[in-house]
Amino acid sequence: MAPSDTTHSLSNHFLFYTFFTVILSCSAFNSQDYSNALEKSILFFEGQRSGKLPSSQRLTWRADSGLSDGASSHVDLVGGYYDAGDNVKFGLPMAFTTTLLAWSVIEFGSSMHNHIENARAAIRWSTDYLLKASTATPGTLYVQIGDPNMDHKCWERPEDMDTPRQVYKVSTQNPGSDVAAETAAALAAASIVFKDSDPSYSTKLLHTAVKVFDFADRYRGSYSDSLNSVVCPFYCSYSGYHDELLWGASWIHRASHNASYLAYIQSNGHTMGADEDDYSFSWDDKRVGTKVLLSKGFLEKITSEFQLYKSHSDNYICSLLPGTSSFQAQYTPGGLLYKASESNLQYVTSTAFLLLTYAKYLRSNNGVVSCGTSMVTPEKLISQAKKQVDYILGDNPARMSYMVGFGERYPLHVHHRGSSIPSVHSHASRISCGDGFQYLYSRSPNPNVLVGAILGGPDNRDSFYDDRNNYQQSEPATYINAPFVGALAFFSGNTY
């Protein structure tokens, strides 16, 4: 029987991690620090939970919420995650978060040790919801709960929510190939995670992924066009849907090894971004992630047709590395990758994850990165990723950890409704939509610590303003944390 995607030989892991021990020898943090940060980065997802919380809930200042989600459309859509500091369940970023959490476990789960069960639980909290959203009504995918325009006019705990919980969907008549294909990717990636620990659940995930992908591919269109102001400008699909279709097919191919998805990638890749260089990876744009994912097949000499994806992955990596002929990334004076003034750390965590994943693929197959006439070894990628991870954890000019609850100094005024308002356990009476704003504008620290949350982060001069109303810098999001889980797992396991 062929080994599963989550099973690796001990010898390969020993060689891989021992090979990079020299990189970690002179570090602001040791493996125990990274393990501590890993635990917190997973714990954060418990603060974002919607639905009926389990007895195992560790962030105990949260309570049940959204228990009637879906009822207005006569479907059960309870569960899932709130995306950031609000109380809306946005399908596109939730699905992307799930894909990246799953990818983190697939590549680096063997280094998570006693945190692996909590990582799987974080994935399952989302996939249970995505399964319901995908299967409740034939020819339909439910993609959002809550009117964001109304939600953002309130500052209230999710437990007190009285804003409209409208149900939004894409269908054969009003397509959403982007959100549907990302949902398929999430379910397929998660099926790999659960292949050994829960085979029947894994089969259900993959079976549903195939159906959702077929829906995405057959009824093409952007969900932004179908839902307009409900998703824009919040999570507008600026990159279109071609990148998600190729991404979704790539994940189903990896999960199923079904030759029809290989044929799909080969037939459609050129029209879906395979020939384009792209320099960021996010909930909106999957092109770089797809290239790194597919490069594995070429490096392992399984799929020679994927050489194109390896070449473009190299181009992306070279763009990040100072001193190479195609270097073009922007870094702050303190060394942080800088892409955007709002929620910049989402690009930092996703980039760090891709650097480490690509380094793993290269090292496992004696590969290097081609940057013009120079060759870059996997150690360089690891080193570059480590600088970004360490910066986030506090090795930066401000000596500020941008992970809440980690280190001696971290942000106290987090742009997050549930965290900033007294818990229902300490303040049982309801706090209304308007009354909650006193907590948004308060100068007091958040009463509930959203442990593990990574915030938007500092500006292009390494400056950070710990102000709750400064959402560009102080708001957390699930898709900031998700790839960081994988990165932290790698560094926590460096001695294994």
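Residues numbered from 1 in each chain as written. Predicted model: local features only at pLDDT ≥ 70, side-chain atom pairs only at ≥ 80, totals over all residues. Heavy atoms only, no water.

## Topic: the pattern of salt bridges
Summed over all chains, the structure comprises 25 salt bridges. We note a salt bridge from E46 to R58, for which the minimum N-O separation is 2.9 Å. Taken as a pair, E46 in helix α3 (residues 31–47) and R58 in the loop between α3 and β1 (89–90) lie far apart in primary sequence, 12 residues in all. One salt-bridge network, held together by shared partners, links E276, D278, D285 and R287. (Salt bridge = Lys/Arg side-chain N within 4 Å of Asp/Glu carboxyl O. Helix = DSSP H or I, 4+ residues; strand = E, 2+ residues; numbered from the N terminus.)

## A look at the packing of aromatic side chains
Tallied over the entire structure, the rule returns 27 aromatic pairs. Measuring from ring centre to ring centre gives 5.4 Å for F96 and F281, while their planes differ by 80 degrees; the resulting arrangement is edge-to-face. On the criterion of sequence distance, the pair formed by F96 in helix α4 (residues 91–108) and F281 in the loop between α11 (259–268) and α12 (287–299) is long-range, its members being 185 residues apart. When its relative accessible area of 2% is taken as the criterion, F96 is described as buried. Joined through ring pairs, the aromatic side chains of F29, Y34, F96, W103, F108, W247, W251, F281, F353, F406, F490 and F491 make up one cluster. When the ring centre of W125 is taken as origin, the NZ or CZ atom of R49, which lies over that ring, is 4.4 Å away. Positioned above the aromatic ring of F108 is the side chain of K360, whose terminal nitrogen or guanidinium carbon lies 5.7 Å from the ring centre. (Phe/Tyr/Trp six-rings, centres within 6.5 Å; stacked < 30°, edge-to-face > 60°. Buried < 20%, exposed > 50% of the residue type's maximum accessible area, 1.4 Å probe, protein only. Lys NZ or Arg CZ within 6 Å of the ring centre and 35° of its normal.)

## A word on the layout of surface pockets
Here the second largest pocket is characterised by a volume of approximately 670 Å³. For the second largest pocket, the lining is made up of 31 residues, of which F234, Y235, E342, Y471 and E475 are closest to its centre. Counting only elements with at least two residues in the lining of the second largest pocket, the list comes to α14 (345–364), α17 (437–440) and α18 (471–474). Across the lining of the second largest pocket, the residue classes break down as 15 nonpolar, 9 polar and 7 charged. (1 Å grid on protein atoms, 1.4 Å probe; cavity = no way out; pocket = protein on both sides within 12 Å on 5 of 7 lines; lining within 4 Å. Points joined across faces, edges and corners; volume = space filled by probe spheres on them. Nonpolar A, V, L, I, M, F, W, Y, C, P; charged D, E, K, R; others polar.)

## Considering the confidence of the model for the protein
Predicted confidence across the protein gives a mean pLDDT of 94, with 94% of residues reaching 70 or more. Low pLDDT (under 50) marks residues 1–25, which in the prediction has 44 contacts with non-local residues, meaning those over four places away or in another chain. (pLDDT = per-residue confidence, 0-100. Contact = heavy atoms within 4.5 Å.)

## Notes on the pairing of strand β2 (residues 140–145)
Of all 6 residues in β2, 6 are buried, a share of seventy percent or more. Judged from the 5 bridges that link them, β2 and strand β3 (residues 167–171) form a sheet pairing that is antiparallel. Counterpart to I145 in the pairing with β3 is V167. (Pairing = 2+ DSSP bridges.)

## Things to note about the packing of α14 against helix α19 (residues 478–492)
Relative to each other, α14 and α19 sit at 35 degrees, their axes nearing to 8 Å. The two elements α14 and α19 cross, and the hand of that crossing is left-handed. Of the residues in α19, those touching α14 at L345, Q346, T349, S350, F353 and L356 are Y479, I480, P483, F484, G486, A487, F490 and F491. (Axes fitted to C-alpha atoms, helices over the stretch in contact; angles between N-to-C directions. Left-handed = near helix turned anticlockwise from the far one by under 90°.)

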